[in-house]
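Report on the structure
As a plain string of letters, each chain reads:
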Amino acid sequence: MKTEIKRIIERNLPLNVKYNLIDKSYTSLIDSIGCTCHNCGKLISNIATVRPENGKESYLIGFDCLETILINNNLLDGKSIEEFNKFKSNLPTFIKHSKQIKDNISEMNSKNLNKVVSIQFDLEDFKQWAKYGKSSYLTYYYILETGKKFNDNLRLKNKINIEDFINTFKSINNKINVQLN
Ligand SMILES: [Zn+2]
């Protein structure tokens, strides 16, 4: 089986550092003057804001470049090409779930006096269930500053690397404390 390997090409953003995804937004190319990707210079409508792990300045980039940056984050962790391809194919799902939880937290924090301070993932439970079938639920808990917690879950394919999901989640939800058990 031949697998497409995205070539990691360094453009304006140096690839020797990790980047956190701060925000995602959309701007219509017709209505606005438009925005160009800080990394490759292309006109972009889907805009991701990223910031180097130890940097202050943030950059606006397109989703192609976001994919490159997140895969590069993984490569910096010393992953193999196989792991990298697997990660690439699952990345849209990881981003979707991570962004959904981020939105949920923002919504809850805007309504409640008790803020969400942590998210706790039940990895052991997922790994147990992942032995059976094709997909399993990953249970997670929103933990409030009072210590009170309530749970929710999301469905993931069993074959994914759950740690890849957690790393993507941390990159997108970089302001929230993540607990694993
Ligand atoms: Zn770009």
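What counts as what
- Residues numbered from 1 in each chain as written.
- Predicted model: local features only at pLDDT ≥ 70, side-chain atom pairs only at ≥ 80, totals over all residues.
- Heavy atoms only, no water.
- Helix = DSSP H or I, 4+ residues; strand = E, 2+ residues; numbered from the N terminus.
- Polar contact = N/O pair within 3.5 Å; in protein donor to acceptor, adjacent residues only side chain to side chain.
- Contact = heavy atoms within 4.5 Å.
- Pairing = 2+ DSSP bridges.
- Axes fitted to C-alpha atoms, helices over the stretch in contact; angles between N-to-C directions.

A separate point is the side chain of Asn-158. Its place among the elements puts Asn-158 in the loop between β8 (149-157) and α4 (162-172). Among the polar contacts made by the side chain of Asn-158, one reaches the main-chain carbonyl oxygen of Tyr-132 at a distance of 2.9 Å. Contacts of Asn-158, omitting those with residues within four sequence positions, involve Phe-126, Trp-129, Ala-130, Tyr-132, Gly-133, Lys-134, Ser-135 and Ser-136.

Turning our eyes to something else, we now look at the sheet that holds strand β7 (residues 135-144). Pairing in this open sheet of four strands is mixed, and the strands run β8-β7-β6-β9 from one edge to the other. On the outer flanks of this sheet lie β8 and β9 (177-180), each paired with one strand and no other. Neighbour-to-neighbour, the strand axes of the sheet open up by a mean angle of 25 degrees, direction not taken into account. As defined by bridge partners, strand β6 (residues 116-121) adjoins β9 across four bridges and the pair is classed as parallel. Paired with Phe-121 across the bridge in β9 is Leu-180. The sheet contacts of α4 involve β6, β7, β8 and β9, and relative to β6 the element is tilted by about 170 degrees.

Read these as geometric descriptors, not functional statements.
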